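Take a look at the letters that make up each chain.
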Amino acid sequence: HVNIGGLIGRTGHFSNDRTSSITNCTNTGNITCSPAETTDKSMVGGLIGHVESYGTIYTNAKLTSSSNSGSITIGGDTKDVYVGGVCGYGIGCANLESTDNNTTGNIIVNTTERNSLYVGGLYGYCKHAVTDTTTSSTFKTCNNYANIDVNSSGSSRFYCGGAVGLLASDIDYIIGFESFCNYGSMTANCETLSNSIYFGGAIGGASSGFSTASESA
């Protein structure tokens, strides 16, 4: 795997009920990644590449008053690509809080035929991996100004969102958007597609586990 972040490449917890917090952090550096064809996953974020909890353990992830203005450019032949202006790949986050965060660095993805692409102005891919239905994801006063441009010769699954490419869960849980705005353009050029494209100003795709969606602006 490739894990690249403007601040942290990969982080996670091995003990129960821990919180990962990033506050008042800024990345202005550009990120360029061109993994080899043998790479299984490329997880790239303006601040964090990859955050994960292990087994039955869960993490509360909080990102506050942080921003990324560096561009992210992905090339090469990685099997799966996860890229976000803030975080590329997150799994096992019981409660995700994103408050007063902004992204302005453009995201450019140029790949050959891949299995899956997950691209988001803030987060590429997020999945809840816990069984507690009281868990939630909240996005408050977050803005995406980054333009997203994806060029692929083919992909079986392609998710692109102004906030999140794909929010996934195996259970019902709550997601809330409060004063989120997407000002960036999103374009995709896929020569062949064996399955589907999911595009959204806020969320590209969401699993059936969602129970509530609150206000967005």
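Provided above is the structure to which this section pertains.
Residues numbered from 1 in each chain as written. Predicted model: local features only at pLDDT ≥ 70, side-chain atom pairs only at ≥ 80, totals over all residues. Heavy atoms only, no water.

Enquirer: Could you give an account of the sheet that holds strand E9 (residues 67-68), naming the residues involved and the relevant values?
Expert: Read from one edge to the other, the open sheet built from five strands follows the order E4-E9-E14-E19-E24, with strand pairing classed as parallel. Pairing within the sheet leaves two strands with one partner each, and these edge strands are strand E4 (26-27) and strand E24 (181-182). Where strand E19 (residues 143-144) lies against E24, two bridges are found, and the strand directions are parallel. Within E24, the residue paired with asparagine 144 across the bridge is asparagine 182. (Pairing = 2+ DSSP bridges. Helix = DSSP H or I, 4+ residues; strand = E, 2+ residues; numbered from the N terminus.)

Enquirer: For the nonpolar core, give the residues involved together with the corresponding values.
Expert: Formed by 20 residues in total, the largest nonpolar core has its most connected members in Val86, Leu122, Tyr123 and Phe139. Of all elements in the fold, only strand E7 (48-53), strand E8 (59-64), strand E17 (123-128), strand E22 (164-169) and strand E23 (173-178) reach the threshold of two or more residues within this core. In this view, leucine 122 contacts Gly84, Gly85, Val86, Cys87, Thr103, Phe139, Cys142, Asn143, Gly162, Ala163 and Phe180; residues no more than four positions away in its chain are not counted. Listed in part, the 17 residues of the second largest apolar core include Ile31, Leu117, Val119 and Phe158. (Core = buried A, V, L, I, M, F, W, Y, C linked by side-chain atoms within 4.5 Å. Buried < 20%, exposed > 50% of the residue type's maximum accessible area, 1.4 Å probe, protein only. Contact = heavy atoms within 4.5 Å.)

Enquirer: Give a description of the side chain of serine 66 that names residues and reports values.
Expert: For serine 66, the location among the structural elements is in the loop between E8 and E9. Polar side-chain contacts of serine 66 include one of 3.0 Å to the backbone oxygen of threonine 64. Look past the residues within four positions of serine 66 in its chain and what remains in contact with it is Ile22, Thr23, Asn24, Cys25, Leu47, Asp100, Asn101 and Asn102. (Polar contact = N/O pair within 3.5 Å; in protein donor to acceptor, adjacent residues only side chain to side chain.)

Enquirer: If you had to explain the packing of aromatic side chains to someone new, which residues and values would you point to?
Expert: For the structure shown, the criterion picks out nine aromatic pairs. Centroid distance tyrosine 82 to tyrosine 89: 4.7 Å. Interplanar angle 80°. Geometry classified as edge-to-face. Across this residue pair, the class does not change: tyrosine 82 and tyrosine 89 are buried. Joined through ring pairs, the aromatic side chains of Tyr82, Tyr89, Tyr118, Tyr125, Tyr159 and Tyr198 make up one cluster. (Phe/Tyr/Trp six-rings, centres within 6.5 Å; stacked < 30°, edge-to-face > 60°.)

Keep in mind that these numbers describe shape and distance, not what the molecule does.
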